[in-house]
Amino acid sequence: HVFQLARMRYVSVSEFRGKVMVGIREYYDADGEMRPGKKGISLSLEQWAALKDHMEDIDAAIKRM
């Protein structure tokens, strides 16, 4: 499953070595074909849950900026 965040940034849900991962990655255009770039991060389900747990605090920090 892939979800678009911006023009060239996507979130994907995939399996790697038997573990479900949430990946956030920049893509680039290689002769009309979308390819994953080097900039990105893969989160385990535990890390994804921790990020979601911090969403309200992150939103509050953004509002204080």
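Bear in mind that the values here come from a model prediction, so they are computed numbers and not experimental data.

### A look at the side chain of Ser44
So, point 1. Its place among the elements puts Ser44 in strand β4 (residues 33-44).
So, point 2. With residues up to four places along the chain from it excluded, the contact list for Ser44 reads Val20 and Met21.

### Focus: the UniProt feature "domain: Transcriptional coactivator p15 (PC4) C-terminal" (unreviewed entry) in the chain
So, point 1. UniProt records the feature "domain: Transcriptional coactivator p15 (PC4) C-terminal" (unreviewed entry) at residues 3-54, using the numbering of this structure.
So, point 2. With 17% helix and 69% strand, residues 3-54 has end C-alpha atoms that lie 21 Å from one another.

### Considering the packing of aromatic side chains
The geometry of two aromatic rings is summed up by the distance between their centres and the angle between their planes.
So, point 1. Evaluation of the coordinates by the stated rule reveals 1 aromatic pair.
So, point 2. Arranged with centres 5.2 Å apart and planes meeting at 80°, the rings of Tyr10 and Tyr27 form a pair that is edge-to-face. Here Tyr27 lies in strand β3 (residues 19-30) and Tyr10 lies in strand β2 (residues 9-16), a separation of 17 residues in the sequence.
So, point 3. When its relative accessible area of 18% is taken as the criterion, Tyr10 is described as buried.
So, point 4. Looking at Tyr27, the relative accessible area reads 24%, which means it is partly exposed.

Conventions adopted
- Residues numbered from 1 in each chain as written.
- Predicted model: local features only at pLDDT ≥ 70, side-chain atom pairs only at ≥ 80, totals over all residues.
- Heavy atoms only, no water.
- Helix = DSSP H or I, 4+ residues; strand = E, 2+ residues; numbered from the N terminus.
- Contact = heavy atoms within 4.5 Å.
- UniProt positions renumbered as here; feature names shortened; annotations may be inferred.
- Phe/Tyr/Trp six-rings, centres within 6.5 Å; stacked < 30°, edge-to-face > 60°.
- Buried < 20%, exposed > 50% of the residue type's maximum accessible area, 1.4 Å probe, protein only.

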